[in-house]
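Remarks on the overall topology
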Amino acid sequence: MTAITGQAAASSSFPDAVESLRAQIKGEALLPGDPGYDEARAVWNAMIDRRPAAILRCDGVADVIAAVKFAKSEGLPVSIRGGGHNVAGHAVCDDGLMIDLSMMRAVHVDPVSRRARIEGGGTWGDLDRETQAFGLATPGGLISDTGVGGLTLNGGIGWLRSRYGLCIDNLTSVDLVTAEGELITANSEQNPDVFWALRGGGGNFGVVTSFEFKLYPVGPIVAFAAPIYPLSAGSGPIKFWRDYLADKNGDIGSLVEFSTVPESEDFPKEYWGQKVYTVAAVYAGDAEEGMKLLQPLREQGELVTDFSGEIPYCDLQKLFDELMPAGQYRCYWKCHYLSGLSDELIEEILEGVATTPSPNTLSSIWNFGGATAAVPAADTALGDRSMPYMFSIDSVWPDAADDEKNMSWTRAFWERMKQHSQKGRIYLNFPGHGEDQRTLVRQAFGDNYKKLAAIKAKYDPQNMFRFNQNIPPEG
Ligand code: FAD
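The rules behind these values
- Residues numbered from 1 in each chain as written.
- Predicted model: local features only at pLDDT ≥ 70, side-chain atom pairs only at ≥ 80, totals over all residues.
- Heavy atoms only, no water.
- 1 Å grid on protein atoms, 1.4 Å probe; cavity = no way out; pocket = protein on both sides within 12 Å on 5 of 7 lines; lining within 4 Å.
- Points joined across faces, edges and corners; volume = space filled by probe spheres on them.
- Helix = DSSP H or I, 4+ residues; strand = E, 2+ residues; numbered from the N terminus.
- Near = heavy atom within 4 Å.
- Polar contact = N/O pair within 3.5 Å; in protein donor to acceptor, adjacent residues only side chain to side chain.
- Areas by Shrake-Rupley, 256 points an atom, 1.4 Å probe, with all protein chains shown as cover.
- Sits in = over half its atoms within 2 Å of the grid points.
- Nonpolar A, V, L, I, M, F, W, Y, C, P; charged D, E, K, R; others polar.
- Phe/Tyr/Trp six-rings, centres within 6.5 Å; stacked < 30°, edge-to-face > 60°.
- Buried < 20%, exposed > 50% of the residue type's maximum accessible area, 1.4 Å probe, protein only.
- Lys NZ or Arg CZ within 6 Å of the ring centre and 35° of its normal.
- Contact = heavy atoms within 4.5 Å.
- Pairing = 2+ DSSP bridges.
- Axes fitted to C-alpha atoms, helices over the stretch in contact; angles between N-to-C directions.

1. Quick notes on the layout of surface pockets
Put simply, the largest pocket is a space of about 900 Å³. Forming the walls of the largest pocket are 28 residues, and the residues nearest its centre are Pro262, Phe267, Phe307, Phe320 and Leu323. At the level of elements, strand S14 (252-260) and strand S15 (275-283) are the ones that each hand at least two residues to the lining of the largest pocket. Looking at the lining of the largest pocket element by element, the count peaks at three residues for S14.

2. A closer look at the site of the ligand
If you check the shell around the ligand, you find 35 residues, and the closest are Gly82, Gly84, Leu142, Ile157 and Tyr427. In the environment of the ligand, an oxygen atom lies 3.1 Å from a nitrogen or oxygen atom belonging to the backbone of histidine 85. Within the backbone of histidine 90, a nitrogen or oxygen atom sits 3.2 Å from an oxygen atom of the ligand. Protein coverage of the free-state accessible area of the ligand, which is 950 Å², stands at 98%. Applying the majority rule of atoms within 2 Å of the grid points places the ligand in the largest cavity. Looking at the shell around the ligand element by element, the count peaks at four residues for helix H5 (residues 148-153). Residue composition of the shell around the ligand, grouped by class: 17 nonpolar, 17 polar and one charged.

3. A closer look at empty space enclosed by the protein
All told, the structure shown has three cavities of 30 Å³ or more when counted by the stated rule. If you add up the space inside the largest cavity, you get close to 860 Å³. In terms of lining residues, the largest cavity is bounded by 49 residues, among which His85, Thr146, Gly150, Leu151 and Asn429 are the most central. Mapped by element, the contributors of at least two residues to the lining of the largest cavity are strand S3 (78-81), H5, strand S10 (207-214), S14 and strand S19 (362-367). Residue composition of the lining of the largest cavity, by class: 25 nonpolar, 21 polar and three charged.

4. A look at the packing of aromatic side chains
Within this structure, the stated rule accounts for 18 aromatic pairs. Arranged with centres 5.9 Å apart and planes meeting at 35°, the rings of tyrosine 229 and tyrosine 277 form a pair that is tilted. A residue pair is termed long-range when its members are at least 10 positions apart, and tyrosine 229 in strand S13 (residues 227-230) and tyrosine 277 in strand S15 qualify at 48 residues. The exposure class of tyrosine 229 is buried, given its relative accessible area of 0%. Taking 5.3 Å as the distance between ring centres and 90° as the angle between the ring planes, the aromatic pair formed by tyrosine 427 and phenylalanine 430 counts as edge-to-face. This pair shows no difference in class: tyrosine 427 is buried, exactly as phenylalanine 430 is. Taking NZ or CZ as reference, lysine 248 lies 3.7 Å from the ring centre of tyrosine 244, over its face.

5. Here's the deal with the environment of valine 375
If you trace the backbone, valine 375 turns up in the loop between helix H12 (370-373) and strand S20 (389-397). C-alpha separation for the pair valine 375 and leucine 101, spaced 274 residues apart in sequence, amounts to 30 Å. The residues contacting valine 375, other than those within four sequence positions of it, are Asp169, Thr380 and Arg385.

6. Thoughts on the environment of valine 78
Within the secondary structure layout, valine 78 lies in strand S3. Separated by 14 residues in the primary sequence, valine 78 and valine 92 have C-alpha atoms spaced 8.7 Å apart. Contact partners of valine 78, with chain neighbours within four places excluded, come to Ala71, Leu97, Ile99, Met464, Phe465, Arg466 and Phe467.

7. Some details on the sheet that holds strand S9 (residues 183-187)
Taken together, five strands build an open sheet; the order of strands is S5-S6-S10-S8-S9 and the sheet is antiparallel. Two strands close off the open sheet at either side, each with one partner strand: strand S5 (107-110) and S9. Taken over all neighbouring pairs, the strand axes of this sheet differ in orientation by 15° on average, direction set aside. Inspection of the sheet shows strand S6 (residues 115-119) paired to S10 by five bridges, in the antiparallel sense. Within S10, the position partnered with isoleucine 118 by the bridge is phenylalanine 211. Together, strand S8 (171-177), S9 and S10 form the strand contacts of helix H3 (residues 61-74), whose direction differs from that of S10 by roughly 140°.

Encoded structure:
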């Protein structure tokens with residue numbers, strides 16, 4: 001067995017090995033210096049600058065199988081690129097093989113059985129567009145060009161979470177290429193151990209070449225609230241939000257998002273550059289009824305502006321895309337699941353966000369409950385669902401010269417919030433740059449960790465898939 005060290009890539013025979021791989025595949029194999037190599041290794045976070053030994057841009061499942069077998073025979077660790085949005089940059093690695101799935105985005109919808117299947121490199125925009133053609137949807141993320149792959153495998157939190165749960169709660173089956181280079185199907189009947197592990201355990205277990213999801217009738221028009229309050233409004237509207245949603249968390253997906261008003265004609269000039277928060281909420285049932293239900297969230301004081309209204313579901317799913325363009329900004333995102341949201345904690349959050357160094361940074365309080373909370377901890381690898389809220393700090397800034405200022409502010413704020421976290425647990429899709437990974441991964445999975453490490457040992461004993469929120473094989 002070749003040990004997975006990545007050293008083979010430095011040998012003089014490596015380019016010949018890549019040449020013979022090229023003869024087997026339909027997609028492209030790129031080496032450093034090849035045209036397209038630098039574009040293919042670029043990911044969403046502009047801070048990430050890694051150089052894989054080779055990049056395989058797969059065009060079909062046969063290419064993925066060839067790529068994994070190649071990595072195995074060359075002893076290369078593998079990074080997997082879905083949508084490329086992972087803020088820690090796990091899609092790309094130094095000295096290993098990058099398996100790039102971004103050419104594999106096909107979607108098939110079966111409106112009768114209410115199932116959709118999407119290839120491993122597809123985005124939420126790809127999936128929403130096709131499912132909405134039938135008036136259907138599955139819970140996804142908040143930005144249309146985020147990959148279905150990375151977002152789903154670590155849980156998947158979007159607007160529909162209250163009614164229909166996380167992405168993993170609606171995943172019904174996957175096709176997976178294992179570290180042996182074998183294609184298997186995993187669902188509740190076939191290979192149920194790895195199917196359980198994939199629902200929260202990230203990209204640790206192989207390359208998912210397609211995902212199948214349950215669909216629900218959604219839209220095409222949904223109710224959306226987005227009143228924007230000045231930060232100077234203080235905690236009142238946030239306390240109201242918390243209390244008003246207390247018996248509606250099963251119906252309304254919501255977040256309070258702290259930001260800075262851009263210099264845009266969409267906002268009154270006197271607020272440009274001011275710190276504000278948006279009480280954003282979505283009701284995905286009858287839109288008219290939803291607007292009535294959301295109305296009180298819009299009446300809690302003087303507003304900067306209000307973007308509320310009925311909106312097509314596909315437009316909602318693209319609403320924040322402009323704020324988050326690929327490859328332009330430097331980013332460092334962290335979070336905590338919160339054990340509660342006391343009045344004191346709201347004040348502490350308001351104090352913290354008032355000091356945000358970059359106007360591009362967003363911080364958010366996300367509500368949980370409803371269908372998300374209804375799933376028992378042992379049912380999916382993600383674990384305990386009892387957290388009532390999450391607090392995320394999405395630091396975003398344009399200049400490398402400001403890296404230290406923004407990262408140390410984020411870390412200090414995150415450390416301060418730790419005392420309010422639910423047993424130190426974080427959502428592994430907002431993991432900083434992967435520092436303290438060992439501890440954070442163990443804490444996130446809690447009682448499920450041991451079982452996950454044993455499944456990892458069965459499916460990937462050499463830890464070929466190690467560029468992720470890694471679960472080293474054990475047991
Ligand atoms: P990539 O960087 O391509 O992949 C990340 C990792 O996922 C890979 O290293 C691999 O380990 C694994 N992976 C990806 N595809 C596959 C596959 N097919 N098979 C096996 N492993 C795979 N998260 C939310 O929950 N809700 C949101 O609303 C949300 N919004 C976001 C908005 C933006 C702008 C960004 C940058 C991130 C957002 N996230 C959100 C976080 C997001 O879920 C993670 O960044 C996630 O890793 C992105 O998935 P990706 O496929 O685009 O990433």
